[in-house]
Amino acid sequence: MTAIVGIQGKGWAVIAADSMTTYDDKPYYAKGMDKAVRKGDYVFAFAGDAIAMKEHGYEPDSIKDPNAGFDALMCLNGVIYEIDEEYMWSRDDRGLYSVGSGGALALGALATGFSKNSMKAAEFAARRAIKISADYCIGVGGDVKVITQKGNDMAAMKKLSPAMKKKAYAMAEKAESKPAKAKELKQGVAMLKKAVKK
């Protein structure tokens, strides 16, 4: 049981996850079993059987176990993608994402409103949404881990002169509507498959 949320901003993204795992309705808290991790240029957040598959070669059988499988959020260059157990990906123009059994509660908390112009405000809202989910979903709990990522272009802008920043921001706004290149997305999905099947 899990609650993971993602918030897509302009040139940045925020992903937050709870830290409790459950088995047979028992809660477990274990360091190193993070549901959200940074791996190179990517951020991954997993809900479902991903850890069991990675550690024990578990192959989900959705016929015998209707809750089998996983969902994930993947972030590349400050852009969030939702990925399912078939490694299909999707994006949402509203910029709000959730996965896990407590994800719908957390998404509802996010939808109540916050300033999407500020990454700090989004971090606070994501943390708050996970905590609200934990209050109402027995399978969600523990510490909240928040990972932020800026698009590569946005991070480099700090070094530019004011005139160059203005040009760079204009270019970034044009490029914002374009998702990551297909090659980069395929590399991320390949990394996800490799991590899950180990």
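Read on for a plain summary of the structure. (Residues numbered from 1 in each chain as written. Predicted model: local features only at pLDDT ≥ 70, side-chain atom pairs only at ≥ 80, totals over all residues. Heavy atoms only, no water.)

Glancing now at the overall build of the chain. Within the chain, the regular secondary structure consists of six helices and 11 strands. The buried share of the chain, taken over its 198 residues, is 39%. Taking contacts inside the chain between residues at least 6 apart in sequence as the whole, the part at least 24 apart equals 62%. Within the structure as shown, the chain displays about 11900 Å² of accessible surface, and the carbon and sulfur contribution to it stands at 54%. (Helix = DSSP H or I, 4+ residues; strand = E, 2+ residues; numbered from the N terminus. Buried < 20%, exposed > 50% of the residue type's maximum accessible area, 1.4 Å probe, protein only. Contact = heavy atoms within 4.5 Å. Areas by Shrake-Rupley, 256 points an atom, 1.4 Å probe, with all protein chains shown as cover.)

A separate point is the pattern of salt bridges. Counting across every chain of the model gives four salt bridges. Between E123 and K120 there is a salt bridge; the shortest N-O distance is 4.0 Å. With a gap of three residues between them, E123 and K120 both fall in helix α3 (residues 119–136), about one helical turn apart. Accessibility expressed as a relative area gives 62% for K120, which makes it exposed. (Salt bridge = Lys/Arg side-chain N within 4 Å of Asp/Glu carboxyl O.)

V5, I7, V14, L110 and I130 are the most contacted members of the largest nonpolar core, which has 19 residues in total. For this core, the elements supplying multiple residues, two or more each, are β1 (4–8), β2 (12–17), α2 (103–110) and α3. The element that contributes the greatest number of residues to this core is α3, accounting for six residues. Those residues in contact with I7, other than ones at most four positions away along the chain, are W12, A13, V14, I80, G95, L96, L110, F114, A122 and A126. Core analysis: the next-biggest nonpolar cluster, separate from the first, contains 14 residues, I4, A13, V43 and V99 among them. (Core = buried A, V, L, I, M, F, W, Y, C linked by side-chain atoms within 4.5 Å.)

With that out of the way, let us pick up the sheet that holds strand β6 (residues 42–48). Across the sheet, which stays open at both edges, the five strands sit in the order β5-β6-β7-β8-β9 with antiparallel pairing between neighbours. Here the strands that pair on one side only, and so sit at the sheet edges, are β5 (36–39) and β9 (89–90). Judged from the two bridges that link them, strand β8 (residues 79–84) and β9 form a sheet pairing that is antiparallel. Its bridge partner lying in β9, I83 is registered against W89. (Pairing = 2+ DSSP bridges.)

Purely spatial values, then, with no claim about function.
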